[in-house]
2 protein chains.
Amino acid sequence: MSELLDIAAAVNRLLRAENILLLCHKNPDGDTLGSAGALYHALKGLGKTVAVLCADPIGARYDYMQLGLFDGSFEPKYVVAVDVAGIQLFGDAVRAYAERVDLCIDHHGSNSGYADAMLLQADAAAASEIMYDLLRAMNIDITPLIAECLYTGIATDTGCFKFANTTQRTLLTAAKLIEAGADIVRLNAALFESKTPAQLAIERLALENLQFYYDGKCAMVCLTREQIASTGADCTDIEGITGIARAIEGVQVGVTIRQQPSGSYKVSVRTVPGVDASAICRRLGGGGHTQAAGCEILGSMENTRGALLDEVKKALCMES
Amino acid sequence: MSELLDIAAAVNRLLRAENILLLCHKNPDGDTLGSAGALYHALKGLGKTVAVLCADPIGARYDYMQLGLFDGSFEPKYVVAVDVAGIQLFGDAVRAYAERVDLCIDHHGSNSGYADAMLLQADAAAASEIMYDLLRAMNIDITPLIAECLYTGIATDTGCFKFANTTQRTLLTAAKLIEAGADIVRLNAALFESKTPAQLAIERLALENLQFYYDGKCAMVCLTREQIASTGADCTDIEGITGIARAIEGVQVGVTIRQQPSGSYKVSVRTVPGVDASAICRRLGGGGHTQAAGCEILGSMENTRGALLDEVKKALCMES
């Protein structure tokens, strides 16, 4: 297991580190990229050699973060993972570095402890929320660019301050980021109010494929790779539909199952407070947060649906 | 025109007032109800006789505000309107009181100045944001109930902190309301994550009826009263679809036209920064905010659509 660090100890290690590689999780979202981006610009501002590495391509919608991607031009001496709860989430392309992570900065209570040391705050809404406190403790000047990276992470991981992980700290941090120069009108428009035709198409598809179980307490969307391909949606677009099923009156567990290009089934589970999404997914080999978790299942759509419905039933404390 | 008051002057008048009637706008939303609810509980806490009046029924989803509705049991001596930009927005049922408003508390820059006196802050995201400062200046103890009324107004008028009217002040006020005891997990779930079958049905209908104009710069949803009736949607459900058209990549003006039970056409216009929604609607007899405005048009769907497209074209500064 990892050595658990507090903010001050993490600051010490980062200030001593040189030739730093920042690792994001695969299928990168706003939080893994935003917290990596903020730390990247902070360390660069301190004159350090630093770069960001992710197994998957990073969408053009995040270009404004100006991430410096790792091109092999230096030999990493210190490896930092941000927002990565388990080693399987790095992706095979970066596995070599994933096995030698010196420091992990994360907000997933389910973190497997794969890193040598860990700054873990499971009550933080986003890794970017922890990163703000870390950078302030490092006496980093929060530039508008750093503020926009951090705002992106916090806003995307909370559904723009709507999800159950949003706290007073979240709103206060976001207010400080506005003060530091984050242009939230532009960011919110880009992140939340700018659906592509593909996003609209996959939302429509999801609404048309909603199924209800257990007296409407569970809502499920199942999509084959052919259905997904017909919309032109990319993995970020697909992420966007994982909240639809849970956000229906009376629904306690929302499940989205989508077949991957490889044939496996990627499952996202969203729950209301009182039902543990992470427990449902852990029993199927995955993990995550109490209200938002995921797993990946091999087999057929029918088997996947059946396995999920069995676990959902247990989580709803129903007799079989 | 109204006498313009600052917070201190508005506090003085409210503290001197007795037998107070609080008026909301018709088709009541979270902000008119939340700011009225907060002021209602504050004035009641001061031992005053006070009640709330609205021309339309108030949805059961707002029951937690515990609004004391006007039942005629006292003769109003002081009438306060909250979040009501023009006298036509009261509805005929409360017209008698609407013509003798002593104080209007509002955040619409387009307010017509119908009240004797006005506390107007056009840069406030919601009337509830002004109300928080007003109640603090009155030395009111912000109880959890008052905090939940105000949070409702701020969160609903900003699309949960997503719309362009959200500022640092908005987030700081919301953080203070959490500190005062607002249960935002419960409120966000109820306000934003609890779609009824009717809401789902009207969203699907809206997505199926999207039309694009002017190279995709304008997106429009037109719904007849029969289409709306088929979904079972009420006026709050319908409000929920007004953001869909604008939230598409490349769209600068999103228009929703829905036929009212009376036959007239209710129009909602949402724009990106740089395009004035209020100007579009003002020329058609309506008004509102720079990025969110509305109007009501008599005639046919075709005429209404045509009139809107003409105004949208002007707003987009295109040659005719």
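Since the structure is predicted, the reported quantities are computational estimates derived from the model, not experimental observations.

Basis of the calculations
- Residues numbered from 1 in each chain as written.
- Chains lettered and ligands numbered in written order.
- Predicted model: local features only at pLDDT ≥ 70, side-chain atom pairs only at ≥ 80, totals over all residues.
- Heavy atoms only, no water.
- Helix = DSSP H or I, 4+ residues; strand = E, 2+ residues; numbered from the N terminus.
- Rg over C-alpha atoms; globule rule 2.2 N^0.38 Å.
- Buried < 20%, exposed > 50% of the residue type's maximum accessible area, 1.4 Å probe, protein only.
- Contact = heavy atoms within 4.5 Å.
- Areas by Shrake-Rupley, 256 points an atom, 1.4 Å probe, with all protein chains shown as cover.
- Lys, Arg positive; Asp, Glu negative; His and termini not counted.
- Charge placed at Lys NZ, Arg CZ, Asp CG, Glu CD.
- Salt bridge = Lys/Arg side-chain N within 4 Å of Asp/Glu carboxyl O.
- Expected span 1.5 Å × (residues − 1).
- Pairing = 2+ DSSP bridges.
- Axes fitted to C-alpha atoms, helices over the stretch in contact; angles between N-to-C directions.
- Parallel < 35°, antiparallel > 145°, perpendicular 65-115°, else oblique.
- Left-handed = near helix turned anticlockwise from the far one by under 90°.
- Nonpolar A, V, L, I, M, F, W, Y, C, P; charged D, E, K, R; others polar.

*Asks:* Give me the lowdown on the overall build of chain A, citing residues and values where you can.
*Replies:* On a plain count of helices and strands, chain A comes out with 12 helices and 12 strands. Relative to the compact-globule value of 20 Å for 320 residues, chain A shows a C-alpha radius of gyration of 19 Å, a close match. Dimensions of chain A, computed from C-alpha atoms along their principal axes, come out at roughly 55 × 40 × 35 Å. By residue count, 57% of the 320 residues in chain A fall in the buried class. Intrachain contacts of chain A at a sequence separation of at least 6 include 64% that bridge at least 24 residues. Put simply, chain A shows about 12500 Å² of open surface, and 49% of that area lies on carbon and sulfur atoms. Of the side chains in chain A, 27 bear a positive and 38 a negative charge, and the two mean positions are spaced by 2 Å.

*Asks:* Account for the pattern of salt bridges, naming residues and giving values.
*Replies:* Overall, the coordinates contain 36 salt bridges over all chains when judged by the stated rule. Residues R169 of chain A and E129 of chain A are paired through a salt bridge, measuring 3.3 Å at the closest nitrogen-oxygen approach. Here R169 of chain A, found in helix α6 (residues 168–179), pairs with E129 of chain A, found in helix α4 (residues 127–137); they are 40 residues apart in sequence, far enough to count as distant. With its nearest N and O atoms 2.9 Å apart, the salt bridge here joins E193 of chain A to R246 of chain B. Taken together, the residues span two chains, with E193 of chain A in the loop between α7 (184–192) and α8 (197–208) and R246 of chain B in the loop between α10 (235–239) and β9 (253–259). For E193 of chain A, a relative accessible area of 12% translates into the label buried. You can call R246 of chain B buried: its relative accessible area is 11%.

*Asks:* An account of helix α8 (residues 197–208) of chain B is needed here, citing residue identities and associated values.
*Replies:* One turn of the α-helix equals 3.6 residues, which is why residues spaced by three or four share an orientation. With 12 residues, α8 of chain B extends 16 Å from end C-alpha to end C-alpha; this agrees with the ideal 16 Å at 1.5 Å per step. Every buried residue belonging to α8 of chain B is among A198, Q199, L200, I202, E203, L205, A206 and L207 of chain B, and all of these are buried. Those residues of α8 of chain B hidden inside the fold are in contact with α8 and β7 (210–213) of chain A together with β7 (210–213), β8 (218–223), α9 (225–231) and α10 of chain B.

*Asks:* Lay out the sheet that holds strand β4 (residues 78–82) of chain B with the relevant residues and their values.
*Replies:* Residue and element names in this part refer to chain B. With parallel pairing, 6 strands are arranged side by side in an open sheet as β1-β6-β5-β4-β2-β3. Bordering the open sheet on either side are β1 (3–4) and β3 (50–53), each of which pairs with just one other strand. Two strands pair when backbone bridges link them, and strand β2 (residues 20–23) and β4 are joined in this way by 4 bridges, in the parallel orientation. By the bridge assignment for β4, L23 is matched with A81. Across the face of the sheet, helix α4 (residues 127–137) comes into contact with β4, β5 (103–106) and β6 (117–120) while running at roughly 115 degrees to β5.

*Asks:* Please give an account of the sheet that holds strand β4 (residues 78–82) of chain A that cites residues and values.
*Replies:* Residues and elements named next belong to chain A. Across the sheet, which stays open at both edges, the 6 strands sit in the order β1-β6-β5-β4-β2-β3 with parallel pairing between neighbours. The open sheet has two edge strands, β1 (3–4) and β3 (50–53), and neither has a second partner. Note: β1 against strand β6 (residues 117–120), 2 bridges, orientation parallel. Bridging from a neighbouring strand, L4 pairs with M118 of β6. Across the sheet, helix α2 (residues 30–45) lies against β2 (20–23), β3, β4 and β5 (103–106), angled at about 165 degrees from β3, the strand it touches most.

*Asks:* Outline the side chain of E129 of chain B, supporting the account with residue identities and numerical values.
*Replies:* Here E129 of chain B falls in the buried class, since its relative accessible area comes to 0%. When residues no more than four places from it in sequence are discounted, the contact partners of E129 of chain B are A124, I154, T167, R169, T170 and T173 of chain B.

*Asks:* Describe the packing of α2 of chain A against helix α5 (residues 144–157) of chain A, with residues and values.
*Replies:* All names here are of chain A. Contact geometry of α2 with α5 gives a least axis separation of 7 Å together with a crossing angle of 160 degrees. In this view, α2 runs roughly antiparallel relative to α5, as classed from their interaxial angle. Every pair of crossing elements has a handedness; the one defined by α2 and α5 is left-handed. The segment α2 lies against α5, with G30, D31, G34, G37, A38, H41 and A42 engaging L145, I146, C149, L150, T152, G153, T156 and D157. The residue makeup of the contact of α2 with α5, split by class, is 6 nonpolar, 7 polar and 2 charged.

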